[in-house]
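In case you want the letters, here they are:
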Amino acid sequence: MTIFDYLEGLKKGEYSVTEQVKDRLKKIGKLNPELNAFITVTGDLALAKARKLEQELSASKDLEALLKEKPLFGVPIAHKDIFSTKGVETTAASNILQGYIPEYDATVVRKLDEAGAIMLGKLNCDAFAHGASGENSDFGPAKNPYDKKRTPGGSSSGSAVAVAADMVFAATGTDTGSSLRNPASFTNTVSMKNTYGLVSRFGVIAMSSSLDTVGHITRTVKENAYVLKVVAGYDPYDAITRQGPSLDYLEGIESNVNGLKVGFPKEYIVGGLDPQVKLTMHEVRKRFKKLGAEVMDISLPHTEYAVAVYYILMASEVSSNLARFDGIRFGHGRSKFGEEAQRRIMLGTYSLSAGFYDAYYLKAQKVRTLIIDDFIKAFKKVDVIATPVFPDLPPLLGKNTDDPLKMYLMDVLTAPVNIAGLPALAVPAGFSKEGLPIGIQLIGKHFDEKLLFRVGYSFEQESKGE
Amino acid sequence: MLTTREVCKIAQLARLDLSQAKLKLYQKQLSRVLDYVNKLNELNTSKVKPTLHPTPITNRFRGKDYKSQTLSQESALKNAGEKQRGYIVTKGVFEK
């Protein structure tokens with residue numbers, strides 16, 4: 001069932017909002033002990049809101065009219081636990097914020113709430129969004145519904161699981177180096193890491209301020225576009241958000257992609273790719289040709305430096321953003337930080353310290369320019385760039401946890417996009433012979449989300465036909 | 001390879017109170033990461049300008065559409081550890 005099916009059913013009176021919420025809460029109760037997607041379930045709040053919405057509906061008797069103001073009327077969703085939710089515990093999946101209850105909502109939380117969506121709870125993730133597998137959570141990792149011995153990806157691990165396991169229709173998340181695309185790719189779901197500055201980050205616990213973006217995971221491309229319309233837009237509380245009208249991302253989404261130029265960067269089809277991922281990329285090229293697109297090889301020569309750039313910039317900014325956790329105004333003492341947070345704080349502090357700033361942080365900013373230039377040159381030749389999201393199949397839990405560097409290299413194909421601030425849509429591309437999801441990302445120019453949704457939709461429909 | 005002294009200094013700057021075991025562990029792990037990021041030195045960036053963030057925005061000032069949203073004193077104190085008469089209690093900075 002998609003969001004659109006759900007709203008149709010509501011309109012026809014096939015079920016009530018309360019029934020749907022109750023069903024999903026029951027499902028969460030049954031599946032969550034094993035899948036560990038939710039840290040907090042807000043059953044009472046959800047049912048209270050369901051009742052309130054039903055009163056509105058019975059008073060107006062016109063769902064169509066209500067949908068104009070509240071396009072997500074009664075739609076069950078959930079939030080990654082780094083999104084501040086007023087009155088509801090927000091832990092960032094870290095012991096340091098255990099018991100912390102925000103006094104305000106994040107802008108995105110408020111927008112979704114005002115649009116009629118019903119929050120079912122707060123979702124598990126890597127603590128402070130530091131990770132690519134969900135294993136850095138202080139509440140245990142979430143499990144991949146396709147194979148519970150494997151990671152669902154990260155850092156928005158719980159978000160992917162909640163959507164893939166059909167607990168909610170949409171789950172918010174963030175993407176700083178891979179954290180929306182990687183979980184979507186591992187769980188056969190869709191996420192748009194949107195352009196830096198499209199969606200407000202106000203109220204989202206900060207990780208790396210020149211890289212953080214806010215988005216959401218859904219099961220289909222159209223649903224993702226529909227939710228983006230609700231959350232995108234200028235916010236005076238987030239200084240980098242772009243001014244201008246919010247777009248209708250569904251508009252033109254069904255248009256064909258004839259003649260569209262799709263580039264495949266050779267640096268992303270590296271030797272280390274799992275053979276099944278490589279095979280999938282071959283299929284992807286064929287699929288685009290079938291859709292009438294013009295497929296070509298391109299080069300992004302500085303790709304191999306992206307992880308190094310990312311880890312210096314990100315760790316430096318993390319060390320600054322986590323300085324506020326002093327245990328005085330909120331939260332517990334700094335000794336409650338998990339290992340990964342401590343590691344990144346140390347790395348960032350070193351890289352920004354006197355005598356090392358030029359060699360590390362400044363150097364990384366310069367290589368950042370080179371990476372951005374690679375993309376600018378590529379987009380003169382192509383409209384969209386297609387790459388795998390991850391070089392391997394979803395890893396087994398525990399596989400990379402002993403070696404931080406191995407974990408960091410999981411971002412090799414996704415981090416360049418954040419460095420350049422570009423949008424990238426992660427869509428399912430197939431399954432391995434073991435039944436494990438394999439996803440691709442479609443990278444576009446700044447603020448070209450509409451084109452990416454259009455391409456993604458065509459690709460998704462074509463893949464379904466196979 | 002980071003020296004013990006360097007690791008201790010970093011921990012102090014970062015206000016992290018780490019055990020000997022942790023310091024040793026991070027010394028090893030961070031040295032490995034730093035070796036990896038040193039690959040950036042393969043690139044000549046003497047003529048390259050740094051990019052601080054990927055938007056064309058420079059300074060943005062509060063516009064007229066900024067609505068002041070403040071927390072009440074009670075609200076702001078809610079999550080604080082130690083409180084006293086409307087103040088948050090913290091460690092003294094000056095010696096007696």
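Residues numbered from 1 in each chain as written. Chains lettered and ligands numbered in written order. Predicted model: local features only at pLDDT ≥ 70, side-chain atom pairs only at ≥ 80, totals over all residues. Heavy atoms only, no water.

Got a minute to help me understand the overall build of chain A in this structure?
Secondary structure summary: chain A contains 15 helices and 11 strands in total. What you see for chain A is a C-alpha radius of gyration of 21 Å, in line with the 23 Å of a compact globule of 466 residues. Each principal axis of the C-alpha atoms in chain A carries an extent, and together these give about 65 × 60 × 45 Å. With 466 residues in all, chain A has 65% of them scored as buried. Of the contacts made within chain A by residues no fewer than 6 positions apart, 77% connect residues no fewer than 24 positions apart. Here chain A displays about 15,700 Å² of accessible surface, and carbon together with sulfur accounts for 52% of that area. The averaged location of the 55 negative side-chain charges in chain A is 1 Å from the averaged location of its 56 positive side-chain charges. (Helix = DSSP H or I, 4+ residues; strand = E, 2+ residues; numbered from the N terminus. Rg over C-alpha atoms; globule rule 2.2 N^0.38 Å. Buried < 20%, exposed > 50% of the residue type's maximum accessible area, 1.4 Å probe, protein only. Contact = heavy atoms within 4.5 Å. Areas by Shrake-Rupley, 256 points an atom, 1.4 Å probe, with all protein chains shown as cover. Lys, Arg positive; Asp, Glu negative; His and termini not counted. Charge placed at Lys NZ, Arg CZ, Asp CG, Glu CD.)

Whenever I open this one, the pattern of salt bridges confuses me. Can you help?
Charged atoms that come close allow side chains of opposite charge to pair. Residue and element names in this part refer to chain A. Within this structure, the stated rule accounts for 28 salt bridges over all chains. In this structure, E56 engages K70 in a salt bridge whose closest nitrogen and oxygen atoms are separated by 3.0 Å. Of this pair, E56 sits in helix 3 (residues 43–60) while K70 is found in the loop between helix 4 (63–69) and strand 2 (76–80), placing the two residues 14 residues apart along the sequence. When salt bridges with common partners are traced through the structure, they connect E8, K11, K12 and E64 into a single cluster. (Salt bridge = Lys/Arg side-chain N within 4 Å of Asp/Glu carboxyl O.)

It is not clear to me how the sheet that holds strand 1 (residues 38–41) of chain A should be interpreted in this structure. Could you clarify?
Paired through backbone hydrogen bonds, the strands of a sheet run either parallel or antiparallel to each other. Residue and element names in this part refer to chain A. The mixed open sheet is built from 11 strands, whose spatial order is 1-3-2-4-6-5-10-11-9-7-8. Strands with a single pairing partner mark the edges of an open sheet, and in this sheet they are strand 1 and strand 8 (294–298). With strand direction ignored, the average angle separating the axes of adjacent strands in the sheet is 30°. For strand 7 (residues 261–265) and strand 9 (residues 384–388), the ladder comprises two bridges, and the chain directions are parallel. Across the sheet, the residue bridging to V262 is V384, located in strand 9. Where helix 8 (residues 221–231) meets the sheet, it contacts strand 4 (170–175), strand 5 (190–193), strand 6 (213–218) and strand 10 (424–431), and its direction lies at approximately 145° from that of strand 6. Those strands touched by helix 9 (residues 275–290) are strand 7, strand 8, strand 9, strand 10 and strand 11 (437–443), and its axis lies near 50° from that of strand 11. (Pairing = 2+ DSSP bridges. Axes fitted to C-alpha atoms, helices over the stretch in contact; angles between N-to-C directions.)

For this particular structure, what's the right way to read empty space enclosed by the protein?
Taking a probe equal in size to a water molecule and rolling it over the atoms shows the remaining empty space. Residues and elements named next belong to chain A. As enumerated under the stated definition, the model contains six cavities of 30 Å³ or more in all. Lining the largest cavity, in full, are L198, A232, G233, R242, Q243, G244, P245, S246, L247 and Y249. Residue composition of the lining of the largest cavity, by class: five nonpolar, four polar and one charged. (1 Å grid on protein atoms, 1.4 Å probe; cavity = no way out; pocket = protein on both sides within 12 Å on 5 of 7 lines; lining within 4 Å. Points joined across faces, edges and corners; volume = space filled by probe spheres on them. Nonpolar A, V, L, I, M, F, W, Y, C, P; charged D, E, K, R; others polar.)

Can you help me understand the packing of aromatic side chains in this one?
Aromatic ring pairs are reported here in terms of the distance separating the ring centres and the angle at which the planes meet. Residues and elements named next belong to chain A. As enumerated under the stated definition, the model contains 21 aromatic pairs over all chains in all. Ring plane angle 25° and centroid distance 5.8 Å describe the contact between Y6 and Y15, whose orientation is recorded as stacked. For Y6, a relative accessible area of 0% puts it in the buried group. You can call Y15 buried: its relative accessible area is 13%. Ring pairs connect the aromatic residues Y100, F128, F325, F330 and F337, which therefore count as one cluster. The aromatic ring of F447 is capped on one face by R242, whose charged end is 3.8 Å from the ring centroid. The side chain of R285 reaches across the aromatic face of F264, ending 4.9 Å from its centre. (Phe/Tyr/Trp six-rings, centres within 6.5 Å; stacked < 30°, edge-to-face > 60°. Lys NZ or Arg CZ within 6 Å of the ring centre and 35° of its normal.)

Explanation requested: unusual backbone geometry in the structure shown.
All names here are of chain A. Note that the residue after G154, namely S155, is joined by a cis bond; omega there is 10°. Inspection of the secondary structure assignment puts S155 in the loop between strand 3 (118–123) and helix 6 (157–164). Of note in the backbone geometry, A92 takes a positive phi value of approximately 60° without being a glycine. Tracing the backbone through its elements, the reader meets A92 in the loop between strand 2 and helix 5 (107–114).

Explain the environment of A:A364 here, please?
Mapped onto the elements, A:A364 comes out in helix 12 (residues 358–378). Residues A:A364 and A:E340 lie 24 residues apart in sequence; the distance between their C-alpha atoms is 21 Å. Setting aside its immediate chain neighbours within four residues, A:A364 contacts A:V309, A:I312, A:L313 and B:L40.

Please explain the environment of B:K49 as it appears in this structure.
Of note, B:K49 is situated in the loop between helix 2 (20–37) and helix 3 (73–77). Its relative accessible area of 68% is what places B:K49 among the exposed residues. If sequence neighbours within four positions are ignored, B:K49 has contacts with A:Q365, A:K366 and A:T369.

Just to check I follow, could you spell out the packing of helix 5 of chain A against helix 8 of chain A for this structure?
When two helices pack together, you describe them by how their axes are tilted relative to each other and by the distance separating the axes. Residues and elements named next belong to chain A. Between helix 5 and helix 8, whose axes approach to 9 Å, the crossing angle comes to 110°. In terms of orientation, helix 5 lies roughly perpendicular with respect to helix 8. In terms of crossing hand, the pair formed by helix 5 and helix 8 is right-handed. Residue-level inspection shows V108, K111 and L112 of helix 5 in contact with helix 8, the latter providing V227, V230 and V231. For the contact of helix 5 with helix 8, the residue count by class is five nonpolar, no polar and one charged. (Parallel < 35°, antiparallel > 145°, perpendicular 65-115°, else oblique. Left-handed = near helix turned anticlockwise from the far one by under 90°.)

Honestly, the interface of chain B and chain A in this entry has me stumped. Any pointers?
Size of an interface: often given as the accessible area lost when the parts come together. Each partner contributes residues to the interface: chain B has 51 residues there, and chain A has 60 residues. Together chain B and chain A conceal approximately 4,900 Å² of surface at their shared face, both sides included; 64% is due to carbon and sulfur atoms. When residues of chain B are sorted by the area they lose upon contact with chain A, B:L40, B:P54 and B:N79 head the list and together hold 14% of the total. In this assembly, chain B and chain A are joined by three salt bridges. Residue B:K39 pairs with A:E304 through a salt bridge whose shortest N-O separation is 3.0 Å. On inspection of chain B and its partner chain A, the count reaches 17 residue pairs in polar contact (both at pLDDT 80 or more). Broken down by element, the side of chain B that touches chain A gets its largest block of residues, 10 residues, from helix 2 of chain B. (Buried area = accessible area lost by both parts, 1.4 Å probe. Polar contact = N/O pair within 3.5 Å; in protein donor to acceptor, adjacent residues only side chain to side chain.)

It is not clear to me how the nonpolar core should be interpreted in this structure. Could you clarify?
One broad trend across soluble globular proteins is that nonpolar side chains are buried collectively. Counting 172 residues, the largest nonpolar core has A:F38, A:L72, A:F128, A:F288, A:F375 and A:L442 as the members making the most contacts within it. It is helix 10 (residues 306–321) of chain A that contributes the most residues to this core, 11 residues altogether. (Core = buried A, V, L, I, M, F, W, Y, C linked by side-chain atoms within 4.5 Å.)

Quick question: what am I supposed to make of helix 9 of chain A here?
Residues spaced three or four apart along an α-helix face the same direction, because each turn holds 3.6 residues. All names here are of chain A. With 16 residues, helix 9 extends 23 Å from end C-alpha to end C-alpha; this agrees with the ideal 22 Å at 1.5 Å per step. For helix 9, the set of buried residues is Q276, V277, T280, M281, V284, R287 and F288. Down the axis of helix 9, the buried set is contained in an arc of 145°. They therefore lie on one face. Exposed positions of helix 9 whose direction lies more than 90 degrees from the buried face are P275, L279, K286, K289 and K290. (Expected span 1.5 Å × (residues − 1). Arc of directions from axis to C-beta.)

Shape is all these values report; function is a separate question.
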